[in-house]
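Survey of secondary and tertiary structure
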Amino acid sequence: MGILVYDLAHARAGDKGNTSSIAVIAYEEDSWRLLRQALTAELVEQAFAHLGAGKVRRYEIESLRALNFVIPNVLSGGVTRSLRLDPHGKSLSSLMLGIELPASQPQS
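Parameters at a glance
Residues numbered from 1 in each chain as written. Predicted model: local features only at pLDDT ≥ 70, side-chain atom pairs only at ≥ 80, totals over all residues. Heavy atoms only, no water. Helix = DSSP H or I, 4+ residues; strand = E, 2+ residues; numbered from the N terminus. Buried < 20%, exposed > 50% of the residue type's maximum accessible area, 1.4 Å probe, protein only. Polar contact = N/O pair within 3.5 Å; in protein donor to acceptor, adjacent residues only side chain to side chain. Contact = heavy atoms within 4.5 Å. Pairing = 2+ DSSP bridges. Salt bridge = Lys/Arg side-chain N within 4 Å of Asp/Glu carboxyl O.

1. Some details on the side chain of Asn68
Counting through the fold element by element, Asn68 comes out in strand β4 (residues 66–71). When its relative accessible area of 17% is taken as the criterion, Asn68 is described as buried. A polar contact is formed between the side chain of Asn68 and the side chain of Ser21, at a distance of 3.0 Å. Sequence-distant contacts of Asn68, that is, excluding residues within four places in its chain, are made with Ser21, Ile22, Ala23, Arg57, Arg58, Tyr59 and Ile61.

2. Looking at the environment of Ile61
Of note, Ile61 is situated in strand β3 (residues 57–61). Note: C-alpha distance between Ile61 and Ile25 (36 residues apart in sequence) is 9.2 Å.

3. Some words on the pairing of β4
When you tally the buried positions in β4, you get six out of six residues, the bulk of the element. Along β4, one buried face is formed by Ala66, Asn68 and Val70 and the opposite face, lined by Leu67, Phe69 and Ile71, is buried too. Pairing of strand β2 (residues 19–26) with β4 involves six bridges; the strand directions are antiparallel. Bridge pairing links Val24 to Leu67 in β4. Where β3 lies against β4, five bridges are found, and the strand directions are antiparallel. Bridged to Tyr59 within β4 is Asn68. Between β3 and β4, which pair antiparallel one after the other, the connecting turn spans four residues, and Arg65 there sits at a positive phi close to 55°.

4. Some words on the pattern of salt bridges
Scanning the model with the defined rule gives six salt bridges in all. Across the pair Glu29 and Arg33 runs a salt bridge whose closest N-O atoms are separated by 3.7 Å. Placement of the pair is Glu29 and Arg33 together in helix α1 (residues 29–38), with a separation of four residues, close to one helical turn. Accessibility expressed as a relative area gives 37% for Glu29, which makes it partly exposed. Relative accessible area serves as the criterion here: at 47%, Arg33 is assigned to the partly exposed category. When salt bridges that share partners are traced, they join Glu29, Asp30, Arg33 and Arg65 into one network.

Structure follows, in structure tokens:
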């Protein structure tokens, strides 16, 4: 098994309508470099595809060693419409932390 996001960072989820925003904050500088390179919007989109996620956008916040992922259409309509147990999507940060990063990273 490869490295999980969980091994390198913590995460925090928020919501706005049918969109979830999940911040991944690295524990250390080395972790930040690896996450910045390996945790792509495409990888996150694949991990959330089974929930109906749309095109994921990734934003870097270097001063916080954080990546913020905006994931549309993942909340089954949002708080006022969803029948899910977690309409705010707070548990989605656990899904993010469970993403396995690719085994080998290209050198930059």
